[in-house]
Amino acid sequence: METGKSPRHDPGVDLRALGNTPQDFARDLLSNLYYERGTTVESASAQDMYDSLARTVRDRLAERRARTAAAHYQANPRWLYYLSAEYMLGRQLEQNLLYTGTTDLAREAVPDFDTTAAQDVEPGLGNGGLGRLAACLLDSLATMDLPAVGYGIRYDLGIFKQDLDAGGQVERPDDWAFQGNPWEFPAPDDNQVVGFYGKVTSVDGRREWEPAETVLGEPSHMLVPGYGTDTVNIVRLWRARAAQGSFDLTRFAHGQYAEAVADVVRSENISKVLYPDDSTDLGRELRLKQQYFLVSCSLRDIIRRFSFRNDGNWDEFAAKTTIQLNDTHPVLAIPELMRLLVDEYELDWDRAWRITHDTFGYTCHTLLPEALETWPVATIENLLPRHLEIIYEINARFLAEVSERFPGDVARIQRMSLVQEEPERRIRMANLAVVGSRAVNGVAALHSQLLAETTLRDFAELWPGRFHNVTNGVTPRRFVKIANPALSDLISSALGSDAWLRDLSLLQGLEPFAADDAFRARWREIKRANKLTLGVAPDFLTDVIVKRFHEYKRQLLKLLHTITLYQRIRAGETPAPRTVVFAGKAAPGYWAVKDVIRLINAVAATVNNDPAVAPYLKVFFPANYNVTLGQRIYPAADLSEQISLAGKEASGTGNMKLALNGAVTIGTLDGANVEIRDRVGADNFFLFGLDAAEAATLRSSDYRPRDYYERDDELRAAVDAIGDGTFAGGDRQAFGGVLASLLDRDEYLTLADFRSYLDAQAEVEKVWLDAEAWTAKSILNTARSGYFSSDRTIADYTRTIWGLDPVRVNP
Ligand code: 7GP
């Protein structure tokens, strides 16, 4: 079964002869143009040139990759495998030019570099925070020379492209690899066969699953280079294919063209599209198939890799392997590993369970109960009958342990069971994750605390030592160096080197410069230039709220403030000029927030077309927020809006990207905002609103949003403007849903936090008018945010959960 292929490095010639002189680079580029694209410089299209450039850069990483594989083989280290249904990798070209040190060579060798670089397409294989976090963690793992592989799905269609039509969101397919993907290496020989459906029988006292349907998982990998090191790790993405020969020639001959490819289509549908859902549970059989497909292919690949050096030595498995589950999407890995060990490798249950439990770690990314995945028992029973048996067995043993600890506590047993009974029987994936993992973590201090106190309380009481916190982080390479080159140069010249890119705590060295007039002036100039690049007014305060749309994130609170500003200006006030930037996608079926998007654009149209308002206020909603657009927005931002209802946002990572780029935060005590404020200092953070405890109390009392509406004249005027047709050409019904949800329910306490938010905004304006004071705060935000590097996050995971050692790659 195992191919036993081992990545030894003995090419016999020195491949580094690829070389980095301008001549070497130009020759390789030309060679790719001739031999890969079959064209010449004169007749090359922009796509030809892009593809050839990408290969030229990629080949420089491929050689490092070969040396990395050799070093890893030699070291036989403990490995981290990161299982994630989502990766938002961002554009590859600029990153890989930077990491290979070939940016200048490329600019010299390519006739029209900017047009060429513009062909680079971002693989949007994720929805939002969780997917981008996965990409940042991979970047840091490689940078820190840690042996790791990311596993995911190679969706044909990534996160939809957002268009705005009459102000409303329209979704278009993201055919990201339509022109090919030069960054990727297919490895069809490493394919895996995945089963679905069928039945389980007993053979010689063993359970045997005979699937009724099989699909091929074909991997390809993309390179994940470290910065400032020769390590190049990989992310391995699985694509579903029908077995060879699935095309039905007979049907085709009878003119049944659709039926002839039915099997092929059914198989390939599994990796066809990323589900565009963020923080909500989604129950679709195809989604469950995707999850199992990812898990099954990846575990077999992990075992194949384990077998290179440790074949059959199962007692070594958990010592050599740690698998991190990125939220609940890959949690079927737990019963799948049990199935492989017990049914296929014939280990006894207890031994298999020890190995499984010691292998997994689980990261939770939410606090919203509705985001905790559950699957109908009937669906699992049909699709994965053997897995259901295993889940039941895990549950029986687990509940026996709970009963022993808490005799007679029936309510507790019901809450902790892996099976929810009412209103329909479902499997609780988060419970399964906690039971089957040796470590569970939240993604910010407050989140981990609330997880243990609320969402996963029973489990934290049973196994307190299993619960950890690992605060999120972001990669400074992409989100400072690449996104904001001018600021990066300024930082490097102030600090005397660019070592901060690998040790972000060095940013502390910028603190004294907050008091340096010339430095502040230069800092402001860069911010101005970045605003021009984004296309917003350079002297306006750039006030940004960029993230997925969700009611708990309260884009509506920002909009109420915007409407109040508009009304004040109409009444003759002259506030400090500001541009309010909204960007983000809404899940296609999430109508409550799609209405908010429509309303924002309606307000934008009114505000932006009113000449009396123009000197003071603009509203900008660029469509299709993604990593690429984010990289343009963060460097231009003055004010970072992190205004979720306290107790709802697990962490946030946009808050970190913005602070590192010198935006000052206005925010609630939610997620990682708490830690940002602790570090940058209360004087450099605009705090408002209820805290998590107050919010929970108010929500569980008899909260009446109308009381706030009636008591606050400005709030009432803003809300009324939504209902009286001001932004809808007189149509009073256009935003009736938004209005009703605010006044009747206001689930996320927007009205309760309105006045406190406006007071904080008044403070923002006061400080902004003192440009020197503002700039000092901006500099201190950057200087004190070094903690939020994903390198620190990886160091924390390595120390508290993974126990990995670096493997250096020989030059
Ligand atoms: C997000 C959280 O909402 C965000 O607060 C956090 O910063 C990010 O994960 C990374 O940890 N969650 C998701 O993107 C998501 O899809 C599914 O959660 C439960």
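Just so we're clear, the structure is a prediction, and the values are computed from it rather than from any experiment. (Residues numbered from 1 in each chain as written. Predicted model: local features only at pLDDT ≥ 70, side-chain atom pairs only at ≥ 80, totals over all residues.)

> Help me understand the overall build of the protein in this model?
Counting its regular elements, the protein contains 34 helices and 25 strands. Classification of the 811 residues of the protein by burial places 50% in the buried group. In the protein, once contacts between residues fewer than 6 apart in sequence are set aside, the share between residues at least 24 apart is 76%. (Helix = DSSP H or I, 4+ residues; strand = E, 2+ residues; numbered from the N terminus. Buried ≥ 20, exposed ≤ 12 C-beta atoms within 10 Å, placed from the backbone. Contact = placed C-beta atoms within 7 Å.)

> Sorry, what's going on with helix H23 (residues 555-570) here?
The α-helix advances 3.6 residues per turn, and as a result positions three or four apart in sequence lie on the same side. Spanning 16 residues, H23 covers 23 Å between terminal C-alpha atoms, matching the ideal 22 Å at 1.5 Å per step. Regarding H23, the residues found buried are Gln555, Leu556, Leu557, Lys558, Leu559, Leu560, His561, Thr562, Ile563, Leu565 and Tyr566. Taken from the residues just after H23, glycine 572 is the one with a positive phi, measuring 105°. (Expected span 1.5 Å × (residues − 1).)

> Looking at this structure, how should I read the sheet that holds strand E15 (residues 374-376)?
Adjacent strands of a sheet form backbone hydrogen bonds with each other and so pair up, either parallel or antiparallel. The strand order across the open sheet formed by three strands is E15-E17-E16, and the pairing between neighbours is antiparallel. Of all the strands in the sheet, the pair left with one neighbour each is E15 and strand E16 (419-420). Across two bridges, the pairing between E16 and strand E17 (residues 426-428) is antiparallel. Among the inter-strand pairings, valine 419 is bridged to a residue of E17, identified as isoleucine 427. (Pairing = 2+ DSSP bridges.)

> How do you make sense of the UniProt feature "modified residue: N6-(pyridoxal phosphate)lysine" (unreviewed entry) in the protein when you look at a structure like this?
The UniProt record marks Lys657 with the feature "modified residue: N6-(pyridoxal phosphate)lysine" (unreviewed entry), using the residue numbering of this structure. The topology assignment puts lysine 657 in helix H26 (residues 654-660). The exposure class assigned to lysine 657 is buried, which follows from the 29 C-beta atoms found within 10 Å. Every residue in contact with lysine 657, bar those within four places of it in the chain, is listed here: Val474, Phe479 and Tyr634. (UniProt positions renumbered as here; feature names shortened; annotations may be inferred.)

> Any chance you could explain the sheet that holds strand E21 (residues 578-583) here in plain terms?
Spatially, the six strands line up as an open sheet ordered E22-E21-E20-E23-E24-E25, and their pairing is parallel. Pairing within the sheet leaves two strands with one partner each, and these edge strands are strand E22 (617-620) and strand E25 (685-687). Geometrically, the sheet is characterised by an average inter-axis angle of 20° between neighbouring strands, direction not taken into account. Inspection of the sheet shows strand E24 (residues 664-667) paired to E25 by three bridges, in the parallel sense. (Axes fitted to C-alpha atoms, helices over the stretch in contact; angles between N-to-C directions.)

> Sorry, what's going on with the site of the ligand here?
For the ligand, the set of nearby residues contains 19 residues, the closest of which are Gly129, Leu130, His365, Ala650 and Ser651. Grouping the amino acids of the shell around the ligand by side-chain chemistry returns five nonpolar, 11 polar and three charged. (Near = placed C-beta within 6 Å. Nonpolar A, V, L, I, M, F, W, Y, C, P; charged D, E, K, R; others polar.)

> Would you take a moment to explain the packing of helix H1 (residues 22-35) against helix H2 (residues 46-75) for this structure?
Between two packed helices, what matters for the description is the angle formed by their axes and the separation of those axes. At a minimum axis separation of 8 Å, H1 and H2 run at an interaxial angle of 125°. Judged by the inter-axis angle, H1 sits oblique to H2. The interaxial crossing formed by H1 with H2 has right-handed handedness. Contact residues: H1 offers Phe25, Asp28, Leu29, Asn32 and Leu33, while H2 offers Asp48, Ser52, Leu53, Arg55, Thr56 and Asp59. (Parallel < 35°, antiparallel > 145°, perpendicular 65-115°, else oblique. Left-handed = near helix turned anticlockwise from the far one by under 90°.)

> How should the nonpolar core be read in this particular structure?
Soluble globular proteins tend to bury their nonpolar side chains together. Judged by nonpolar contacts, the single largest core of 221 residues is most densely connected at Ala333, Leu599 and Val603. Excluding anything up to four places from it in sequence, valine 603 contacts Leu559, Thr562, Ile563, Val619 and Phe727. (Core = buried A, V, L, I, M, F, W, Y, C linked by C-beta atoms within 7 Å.)

> So what exactly am I meant to see when it comes to the environment of arginine 91 here?
Mapped onto the elements, arginine 91 comes out in the loop between strand E2 (87-88) and helix H3 (93-100). Note on arginine 91: 20 C-beta atoms within 10 Å, which makes it buried. The sequence separation of arginine 91 and glutamine 414 amounts to 323 residues, and the corresponding C-alpha distance is 47 Å.

> Explain the environment of proline 577 to me, please; I cannot follow it from the model alone.
By secondary structure assignment, the location of proline 577 is in the loop between H23 and E21. Here proline 577 falls in the partly exposed class, since 15 other C-beta atoms lie within 10 Å of it. Separated by 282 residues in the primary sequence, proline 577 and valine 295 have C-alpha atoms spaced 52 Å apart. Excluding its chain neighbours within four sequence positions, the residues that come into contact with proline 577 are Asp539, Phe540, Leu541, Pro615 and Tyr616.

> Could you clarify how one ought to interpret unusual backbone geometry in this entry?
Trans is the prevailing form of peptide bonds, just as negative phi is the prevailing case for residues other than glycine. With omega at -10°, the peptide bond leading from glutamate 422 into proline 423 counts as cis. Relative to the helices and strands, proline 423 resides in the loop between E16 and E17. Of note in this structure, aspartate 327 is not a glycine but carries a positive phi near 65°. Inspection of the secondary structure assignment puts aspartate 327 in the loop between strand E13 (321-326) and helix H12 (333-344).

> What am I meant to see in the pairing of strand E1 (residues 79-83) here?
Regular strands have side chains that alternate between both faces of the sheet. For E1, a buried count of five out of five residues is recorded, marking the element as mostly surrounded by other parts of the structure. Both E1 and E13 contribute to a ladder of five bridges, which runs parallel. Paired with leucine 83 across the two strands is leucine 325, which belongs to E13. Pairing analysis gives four bridges linking E1 to strand E4 (residues 148-153), with the strands arranged parallel. By the bridge assignment, tyrosine 82 is partnered in E4 with glycine 150.

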